[in-house]
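Chain by chain, the residues run as shown.
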Amino acid sequence: MSVAVFAHRGASGTHPENTEAALVEALRLGVEGVELDVHLSLDGELVVIHDATVDRTSNGTGKVRHMRWAEIGPLDAGAWFDTQFTGQRFLRLGEALDILEGDVRLNVHIKAYEHDRAELATRCVRLLVDRGLLERAFVASDQQTLVLARRVNQHLTMCNLSVAPVENYVMRSHAVGCRVLQPGHAVTTPELVAAAHEKGMTVNPFYADTEAEMRRLIACGVDGILTNYPALLQDLLARLPKET
């Protein structure tokens with residue numbers, strides 16, 4: 001069985017997350033998919049960043065929702081990780097999509113909140129539609145945001161991140177039209193994977209950064225794994241056929 005390698009925030013274990021450097025490294029490795037996160041700035045830009053603030057991953061401070069792109073764009077988003085990445089900048093979603101060409105799958109995590117849920121979901125989906133990316137892109141978010149996203153385009157592939165309560169995660173996800181699940185690795189079991197497969201959904205747990213956990217998830221029958229160390233997972237997958 002083949003397991004897809006999803007580079008979490010790009011190759012974020014070795015490069016500053018969600019930057020051009022991390023995305024390019026993921027492509028260089030030949031991963032099957034790349035996950036990235038999107039927030040909405042004060043002036044309506046789709047900013048590729050995981051946190052609600054720029055504090056952890058740049059030399060700036062402030063909430064993305066309260067900052068304009070003119071303030072976010074010049075920040076250094078690489079030196080915090082390692083000085084060799086000094087000068088890496090935050091990306092806008094369109095810029096990230098320009099980098100992620102080819103046939104790599106796009107896992108677009110919409111980081112929505114009550115104040116911007118409808119606008120952010122609409123803007124992200126419309127950009128994917130306008131670029132003709134629905135065949136290789138899917139959006140991941142909380143269940144409430146996904147309902148809004150589906151209204152924008154009925155053909156959108158969606159991934160439910162509202163895992164709790166896990167007991168009815170598969171049922172709830174199927175009910176809102178999801179085709180992808182992203183459960184936390186700790187709650188991923190062979191039973192959950194089998195139930196999802198019965199409903200025609202693929203399962204890509206978040207996340208695994210050790211060989212032991214990667215092996216456990218593979219044994220559960222997952223379809224893909226999100227990891228900060230895609231090269232490690234690729235190496236394991238390359239060795240598995242020789243071990244059996």
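Structural data are supplied above this passage.
For clarity, every value in this text was computed on a predicted model and none was experimentally measured.

A. View of the overall build of the chain. Along its length, the chain carries nine helices and 10 strands. Here the C-alpha coordinates of the chain stretch approximately 50 × 40 × 30 Å along the principal axes. Residues classed as buried in the chain amount to 53% of the 244 residues present. Contacts spanning at least 24 positions in sequence make up 53% of the contacts within the chain whose residues lie at least 6 apart. Of the roughly 10800 Å² of accessible surface on the chain, 52% is carried by carbon and sulfur atoms.

B. Spotlight on the side chain of His 8. Turning to its location among the elements, His 8 is positioned in strand β1 (residues 4-8). Relative accessible area serves as the criterion here: at 5%, His 8 is assigned to the buried category. Setting aside residues no more than four positions away along its own chain, His 8 makes contact with Glu 35, Phe 206, Leu 226, Thr 227 and Asn 228.

C. The side chain of Asp 37, seen in detail. Its location among the elements puts Asp 37 in strand β2 (residues 33-40). A distance of 3.2 Å separates the side chain of Asp 37 from the side chain of Asn 18, its partner in a polar contact. Within the local environment of Asp 37, its side chain forms a polar contact with the side chain of His 109, the two groups lying 3.1 Å apart. Not counting the four nearest positions on each side in its chain, Asp 37 is found in contact with Arg 9, Asn 18, Val 47, Val 48, Ile 49, His 50, His 109 and Lys 111.

D. Spotlight on the pattern of salt bridges. Scanning all chains against the criterion turns up 15 salt bridges. For Arg 28, the salt bridge goes to Glu 25, with nearest N and O atoms at 2.8 Å. Note that Arg 28 and Glu 25 are positioned in helix α1 (residues 20-29) at a spacing of three residues, about one turn of the helix. In this structure Glu 25 comes out as buried when scored by relative accessible area, which is 14%.

E. Representation of the environment of Glu 95 within the structure. Structurally, Glu 95 can be placed in helix α3 (residues 93-99). With a relative accessible area of 27%, Glu 95 lands in the partly exposed category. As a C-alpha pair, Glu 95 and Val 48 span 47 residues in sequence and 9.2 Å in three-dimensional space. Once residues lying within four places of it in the same chain are set aside, the contact partners of Glu 95 are Trp 69 and Phe 90. Only 2.8 Å separates the side chain of Glu 95 from the backbone nitrogen of Arg 92, close enough to count as a polar contact.

F. Structural detail: the state of the cysteines. Tallied over the full model, the rule gives zero disulfides. Cys 159 takes part in no disulfide bond, and the closest cysteine sulfur to it belongs to Cys 178, at a distance of 6.8 Å. Residue classification places Cys 159 among the buried residues on the basis of a relative accessible area of 1%. Sulfur of Cys 220: no disulfide; nearest cysteine sulfur belongs to Cys 159 and is 17 Å away.

G. Looking closely at the environment of Val 48. Assignment of secondary structure puts Val 48 in strand β3 (residues 46-48). Here Val 48 falls in the buried class, since its relative accessible area comes to 1%. Each C-alpha atom of the pair Val 48 and Val 108 lies 9.5 Å from the other, and the pair is 60 residues apart in sequence. Not counting residues up to four positions away in its chain, the partners in contact with Val 48 are Asn 18, Leu 36, Asp 37, Phe 90, Leu 91, Arg 92, Leu 93 and Ala 96.

H. Here's a closer look at helix α4 (residues 117-130). Here α4 spans 20 Å end to end across 14 residues, near enough to the 20 Å set by a 1.5 Å rise per residue. Looking at α4, one finds that the buried residues are Arg 117, Leu 120, Ala 121, Cys 124, Val 125, Leu 127 and Leu 128. Each buried residue of α4 lies within a common arc of 160° when the element is viewed along its axis, so the set occupies one face. Those residues of α4 that are exposed and angled more than 90 degrees off the buried face are Arg 126 and Asp 130. Where α4 is buried, its residues meet β2, β3, α3, β5 (105-110), β6 (137-141) and α5 (143-152). Residue Gly 132 follows α4 closely and has a positive phi angle near 65°.

Thresholds, definitions, all that
- Residues numbered from 1 in each chain as written.
- Predicted model: local features only at pLDDT ≥ 70, side-chain atom pairs only at ≥ 80, totals over all residues.
- Heavy atoms only, no water.
- Helix = DSSP H or I, 4+ residues; strand = E, 2+ residues; numbered from the N terminus.
- Buried < 20%, exposed > 50% of the residue type's maximum accessible area, 1.4 Å probe, protein only.
- Contact = heavy atoms within 4.5 Å.
- Areas by Shrake-Rupley, 256 points an atom, 1.4 Å probe, with all protein chains shown as cover.
- Polar contact = N/O pair within 3.5 Å; in protein donor to acceptor, adjacent residues only side chain to side chain.
- Salt bridge = Lys/Arg side-chain N within 4 Å of Asp/Glu carboxyl O.
- Disulfide = S-S within 2.5 Å.
- Expected span 1.5 Å × (residues − 1).
- Arc of directions from axis to C-beta.

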